[in-house]
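# Notes for the structure review
Listed below are the residues making up each chain.
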Amino acid sequence: MKQIKYLLFALACTLSASCMDGDDGDWNNPVTEDTANSFGNKYLTESNLITIAQLKSTYKSVINDGSYTEVKKPTQIKGVVTGNDIGGNIYNQISLQDETGAFIICIAQGGIFGYLPVGQEVLVELQGLYIGGYGKQGQAGTLYTSASGSTYVSRMARAVWNNHFKLVGKKTVTPIEVTDIKQLDLDNDCGKLVTLKGFTISEADGKKVYAPSDGSATVQANCVNRSFKGVSNRTLVLRTSTYAKFANNVMPTGTVDVTGIATRYNSTWQILLRDESDVKAY
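A few points on the structure. None of the values given here were measured: they were computed from a predicted structure.

Quick notes on the rules
Residues numbered from 1 in each chain as written. Predicted model: local features only at pLDDT ≥ 70, side-chain atom pairs only at ≥ 80, totals over all residues. Heavy atoms only, no water. Helix = DSSP H or I, 4+ residues; strand = E, 2+ residues; numbered from the N terminus. Buried < 20%, exposed > 50% of the residue type's maximum accessible area, 1.4 Å probe, protein only. Contact = heavy atoms within 4.5 Å. Areas by Shrake-Rupley, 256 points an atom, 1.4 Å probe, with all protein chains shown as cover. Core = buried A, V, L, I, M, F, W, Y, C linked by side-chain atoms within 4.5 Å. Phe/Tyr/Trp six-rings, centres within 6.5 Å; stacked < 30°, edge-to-face > 60°. Salt bridge = Lys/Arg side-chain N within 4 Å of Asp/Glu carboxyl O. 1 Å grid on protein atoms, 1.4 Å probe; cavity = no way out; pocket = protein on both sides within 12 Å on 5 of 7 lines; lining within 4 Å. Points joined across faces, edges and corners; volume = space filled by probe spheres on them. Nonpolar A, V, L, I, M, F, W, Y, C, P; charged D, E, K, R; others polar. Pairing = 2+ DSSP bridges.

### Remarks on the overall build of the protein
- From N to C terminus, the protein includes 6 helices and 17 strands.
- The buried share among the 282 residues of the protein stands at 43%.
- Considering only residue pairs separated by 6 or more positions, the protein has 69% of its internal contacts joining residues 24 or more positions apart.
- Carbon and sulfur atoms form 50% of the exposed surface of the protein, whose accessible area is close to 14800 Å².

### Examining the nonpolar core
- Core analysis: the largest hydrophobic core is formed by 28 residues, its most contacted members being Leu 196, Phe 228, Leu 236, Leu 238, Val 258 and Ile 271.
- Looking at this core, the elements that each hand over two or more residues are strand S12 (192-200), strand S14 (236-241), strand S15 (255-265) and strand S16 (268-272).
- Beyond its immediate sequence surroundings of up to four residues, Leu 236 is in contact with Ile 181, Leu 196, Phe 199, Phe 228, Val 231, Thr 268, Trp 269 and Ile 271.
- Listed in part, the 25 residues of the second largest apolar core include Leu 116, Val 124, Leu 126 and Met 156.

### Considering the packing of aromatic side chains
- Taken as a whole and assessed by the stated rule, the structure comprises 8 aromatic pairs.
- With a centroid separation of 5.6 Å and 50 degrees between ring planes, the pair formed by Tyr 134 and Tyr 265 is classed as tilted. On the criterion of sequence distance, the pair formed by Tyr 134 in strand S6 (residues 130-134) and Tyr 265 in strand S15 is long-range, its members being 131 residues apart.
- Using a relative accessible area of 53% as the deciding quantity, one classes Tyr 134 as exposed.
- For Tyr 265, a relative accessible area of 37% puts it in the partly exposed group.

### Let's talk about the pattern of salt bridges
- Throughout the structure, instances matching the rule amount to 8 salt bridges.
- In this structure, Glu 70 and Lys 72 form a salt bridge, with 3.3 Å as the shortest nitrogen-oxygen distance.
- Classification of Glu 70 by relative accessible area gives partly exposed; the value is 26%.
- A salt bridge links Asp 205 to Lys 208; the shortest N-O distance between them is 2.9 Å.
- The class of Asp 205 is partly exposed, set by a relative accessible area of 40%.
- The class of Lys 208 is partly exposed, set by a relative accessible area of 37%.

### Structural notes on the layout of surface pockets
- What the largest pocket holds in volume is close to 1100 Å³.
- For the largest pocket, the lining is made up of 33 residues, of which Tyr 91, Gln 93, Tyr 134, Ala 221 and Cys 223 are closest to its centre.
- Of all elements in the fold, only strand S4 (102-108), strand S7 (137-145), strand S8 (151-154), S14, S15 and S16 reach the threshold of two or more residues within the lining of the largest pocket.
- Of the residues that constitute the lining of the largest pocket, the class distribution is 13 nonpolar, 16 polar and 4 charged.

### Thoughts on the pairing of strand S5 (residues 120-125)
- In terms of burial, S5 is largely enclosed, as 6 of its 6 residues are buried.
- Of the two faces of S5, the one carrying Gln 120, Val 122 and Val 124 and the one carrying Glu 121, Leu 123 and Glu 125 are both buried.
- Examined bridge by bridge, strand S2 (residues 76-83) and S5 share 5 bridges and lie antiparallel to one another. Its bridge partner being in S5, Lys 78 is matched across the sheet by Leu 123.
- With 5 bridges connecting them, S5 and strand S10 (residues 165-170) associate as antiparallel partners. Bridged to Glu 121 within S10 is Gly 169.

### Thoughts on the environment of Val 279
- If you trace the backbone, Val 279 turns up in strand S17 (residues 279-281).
- In the structure, Val 279 is positioned 23 residues away from Val 256 in sequence and 6.6 Å away in space, judged by C-alpha atoms.
- Beyond its immediate chain neighbours, meaning those up to four positions away, Val 279 contacts Tyr 210, Pro 252, Val 256, Asp 257 and Leu 273.

### Points about unusual backbone geometry
- A positive phi angle, near 65 degrees, is found at Asn 222, a position not held by glycine.
- Tracing the backbone shows Asn 222 in the loop between S12 and strand S13 (223-226).
- Relative accessible area serves as the criterion here: at 41%, Asn 222 is assigned to the partly exposed category.
- Backbone geometry at Asn 266 places phi at a positive 60 degrees, although glycine is not the residue there.
- With respect to the element layout, Asn 266 can be found in the loop between S15 and S16.

Here you go:
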């Protein structure tokens, strides 16, 4: 009797395993075409492509006056990711750059760096999204209305974003080397990846950290601005979120090279570090 029970049990297990495996072996190897393309819209094809410079020119008025407008017709840009949330300093957005300019894409999602690492080239369909400006920094996303009734371009839901982009390749973007901030043009270069060569962080004294939240530095919109020696803080700041992974790390003293995304807030350059390794001490 025990032998019969054993044989019946073995037969049941065999049948069960056979059903799980299926004809194509998906149980053992669950990677299918759908899961392999789970990030982005694989059905997007390159058409109606414009440069980022053309995009900024077309929507210059809404970007500069802080308003917004919906992209009504098929319009695509293609660029390389130069900044993401890997260090926690660039929040819910990526910087996208092509040979002509750069733009900010706002996405309500964490862990973006996992599928949009620096160097990932992306095709973006803008139809149905909104273009606007925050401090004259161009950005794309969906609309958000604050409690005070202000409406502006902000982070789009992950599902919306997933339908509007396609991963298309890998490229390297070389930062613009800057020894004098006057080398940069606020309109043409905002959003680009830059390296400030031979600068000194004014507040760095061997003790102060990038973005403390203990009251030892002024916090605005959860960020702390640090200045550079010899440059007005109305012209250039190093802007760090108090939520950045390196927010409480001590700033290096002396001469440093600082790489980051050169965003603007009106006439002020705000350099956003992607990670603490973007600062190189001499």
